[in-house]
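One-letter residues, chain by chain:
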Amino acid sequence: MTLHWLASQVWRHRVAGVTLILGVTFLLILVGTHLLQHSGSNDFHKGWSETSLKERQELAVNAKQRPANLYQDHKERRVTPSLAAQAKKDSIHFTWSYIPPVVFLKTHKTGGSTVQNVLFRMGEKDGATFAFPYYTYQFSYPDKFRADFVDELPEGSSNFDILCSHMRLDIEELRPMMLPNTIYVTILRDPVLTFESVFSCYTSTVPAFTLAKKAAEHRSALSMFLESPESFWDPKEPRNGLAKNPMSFDLGLDGQKWDSWPTDLTQLEETFQLVMIAEHFDESLVLLGALLKLELEELAYVHFNTRSAQDLTPLDDITKAKIRAWNRMDVLLYDFFLHLFWEKAARYGMERLKKDVARLRASTDRIRQKCVSRKEVPPGELEDLLRPVQTDSATILGYHVQGNLTKQDQGFCMRFVLPERHYHAHLYFQQYGRAMRPVPTA
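Quick look at the structure, then. Throughout, a residue's number is its position along its own chain's written sequence, starting from 1. Local features in a predicted model are, by the rule used here, given only for residues with pLDDT of at least 70; side-chain atom pairs are given and counted only at 80 or more, and totals for whole chains, interfaces and linings are based on all residues. Water and hydrogen atoms play no part in the side-chain values, which are based on all heavy atoms of the structure.

Digging into the environment of Ala215
So, point 1. Numbering of helices and strands runs from the N terminus, with a helix taken as a DSSP run of H or I at least four residues long and a strand as a DSSP run of E at least two residues long. Within the secondary structure layout, Ala215 lies in helix α8 (residues 207–216).
So, point 2. Burial classes follow relative accessibility: with a 1.4 Å probe on protein chains only, a residue under 20% of its type's maximum area counts as buried, one over 50% as exposed, and anything between as partly exposed. A relative accessible area of 37% means that Ala215 is categorised as partly exposed.
So, point 3. Through-space distance from the C-alpha of Ala215 to that of Phe232 is 9.7 Å; in sequence the pair is 17 residues apart.

Overview of the pattern of salt bridges
So, point 1. Salt bridges are counted wherever a side-chain nitrogen of Lys or Arg sits within 4 Å of a carboxyl oxygen of Asp or Glu. All chains considered together, the criterion is met by 15 salt bridges.
So, point 2. The partner of Glu152 in a salt bridge is Arg437, and the shortest N-O contact between them spans 3.8 Å. Pair noted here: Glu152 is in the loop between α5 (112–126) and β2 (162–163) and Arg437 is in the segment after α17 (420–432), with a separation of 285 residues, a long-range link.
So, point 3. Between Arg387 and Asp384 there is a salt bridge, with its nearest N and O atoms 2.7 Å apart.
So, point 4. On the basis of relative accessibility, which here comes to 27%, the residue Arg387 falls in the partly exposed class.

Some details on the nonpolar core
So, point 1. For the purposes of this section, nonpolar cores are sets of buried Ala, Val, Leu, Ile, Met, Phe, Trp, Tyr and Cys residues that join through side-chain atoms within 4.5 Å. Within the largest apolar cluster, 90 residues are counted, with the highest numbers of intra-cluster contacts made by Met167, Leu169, Leu174, Leu188, Met276 and Leu333.
So, point 2. Note on definitions: a residue-residue contact is assigned when non-hydrogen atoms from the two residues lie within 4.5 Å. Ignoring anything within four residues of it in the chain, the contact list for Leu333 reads Leu188, Met247, Ser248, Leu251, Trp261, Leu265 and Leu268.
So, point 3. Among the nonpolar cores identified, the runner-up in size contains 26 residues, and Ala221, Trp233, Leu315 and Trp326 belong to it.

What to know about α17
So, point 1. The end-to-end C-alpha distance of α17 is 18 Å, a good match for the 18 Å that 13 residues give at a rise of 1.5 Å each.
So, point 2. Within α17, 10 of the 13 residues are buried, leaving the element largely enclosed by the surrounding structure.
So, point 3. Taken residue by residue, α17 has His422, Tyr423, His424, Ala425, His426, Leu427, Tyr428, Phe429, Gln431 and Tyr432 as its buried positions.
So, point 4. At the C-terminal side of α17, Gly433 shows a positive phi close to 70 degrees. The span you would expect from a helix comes to 1.5 Å times its residue count less one.

Section: unusual backbone geometry
So, point 1. For the peptide bond that leads from Tyr141 to Pro142, omega is 10 degrees, which places it in the cis range.
So, point 2. Positive phi, close to 50 degrees, is recorded for Thr136, a residue that is not glycine.
So, point 3. Positionally, Thr136 belongs in the loop between α5 and β2.
So, point 4. One non-glycine residue, Asn245, lies in positive phi territory at about 50 degrees.
So, point 5. Within the secondary structure, Asn245 is located in the loop between α9 (221–227) and α10 (246–250).
So, point 6. Among the residues examined, Asn245 registers a relative accessible area of 3% and is labelled buried.

Side note on the environment of Leu274
So, point 1. Structurally, Leu274 can be placed in strand β4 (residues 274–277).
So, point 2. Separated by 88 residues in sequence, Leu274 and Thr186 place their C-alpha atoms 6.8 Å apart.

A word on the packing of α5 against helix α16 (residues 407–416)
So, point 1. Orientation is described by lines fitted to C-alpha atoms, with helices fitted over the stretch in contact, and by angles between N-to-C directions that extend from 0 to 180 degrees. At their nearest, the axes of α5 and α16 sit 10 Å apart, and the two run at 145 degrees to each other. Contacts between α5 and α16 involve Asn117, Arg121 and Glu124 on the former and, on the latter, Phe412, Arg415 and Phe416.
So, point 2. Residues are grouped as follows: nonpolar covers Ala, Val, Leu, Ile, Met, Phe, Trp, Tyr, Cys and Pro; charged covers Asp, Glu, Lys and Arg; every other residue, Gly included, is treated as polar. Residue classes in the contact of α5 with α16 are distributed as two nonpolar, one polar and three charged.

Digging into the side chain of Asp330
So, point 1. Position of Asp330 among the secondary structure elements: in helix α14 (residues 328–348).
So, point 2. Two residue types count as positive, namely Lys and Arg, and two as negative, namely Asp and Glu; His and chain ends fall outside the count. Buried and unpaired, Asp330 has no salt bridge, with Arg168 as the nearest side chain of opposite charge at 10 Å.
So, point 3. Apart from the residues within four sequence positions on either side, Asp330 is in contact with Pro191, Asn245, Pro246, Met247 and Ser248.

A look at the packing of helix α7 (residues 191–201) against helix α13 (residues 317–326)
So, point 1. Following both chains from N to C, one finds α7 and α13 inclined at 90 degrees, their axes separated by 9 Å at the closest point. Classified by the angle between their axes, α7 and α13 sit roughly perpendicular to one another. Taken together, the residues of α13 that come into contact with α7 (itself represented by Pro191, Val192 and Phe195) are Lys320, Ile323, Arg324 and Trp326.
So, point 2. Partitioning the contact of α7 with α13 into residue classes produces five nonpolar, no polar and two charged. Orientation is classified from the angle alone, with under 35 degrees giving roughly parallel, over 145 giving roughly antiparallel, 65 to 115 giving roughly perpendicular, and any other angle giving oblique.

See below:
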């Protein structure tokens, strides 16, 4: 029985075992926080005085509405030490400048964990106040977001700066929590690849998928499901939300109601200043950097939640067509925002975008070489702090950090490859001085 399975059962069924989860989670937080603090924590925050943090809060409170041209040059950005000069010295330590508040809607199996890590690093360095779930790692998913799902503002903070934990969108509930100049971002992925990944990772937790797996016996569970998905899918079961149009579900849409579709699309377009596209991830990061007024070097990344090769299901044309037919709303959603994405790219400037993508890839490669000694490492070969949470139906791979790093480099590199739940727990403990609350029993 994995920790992931146990946590999901506690959340969904409120069964016994909360004490065990709390104890294990608290132990991991203490160990992880100790290691992070003793692997460059002081250096990681170096350069931010009490005065500069107050200045950041005043800027947030007094910030004006976002400009019409969201991809303007960074002329209004506070001056920071030249990152180009840092790169020449083969350094990987950045001085983050003030960023506008940001909400990142983290959709399932689309590359959202990779974006979240960038925001975690950015927020930790900036001393940002995170809007964390009151319980565990998600905002009471799969219920739609409500303000009372959010933990209280920590002492000394006047507003939330970053929200990037899993939730199901309700923009009317979300918007009053954040400042008026908040940037809203999400990410979409090819619906065929998204659904294959969702099915692979949640076969044991989404009831419709579990039924298909039991019926399949020695056949492919995905093929069995796609032969007659309606026979396995109960739309009244909340845990089946990811079983059809999972991206639309995360965005708060009802996959059975098409009468409001034009209105829904318009509201989403007006809400999100950027919808990133996983198939054009580097281009998306460049546009994200422009929105958040970040240097390209600050957007370096590794891919998180990579599955082992044996957990990837080959898809022929017939299977792909079935997935598209079953997830028709996701297909239309993706096509709509893919078109908008290239419109935003054109406004940014295609030649400029091409050059910036090349610069981003160069700096990312340099930092990966500095930090990562081995990628796609099986969980059994990873230390506890760097081992991603596993699912019952897929093996999630991780990273080894280079040895012989300076204390400061080790602090950065550990965060660079730190799995999302471990980083989430570390930041929560850092912000509140306590472990995350478990879901209460019934």
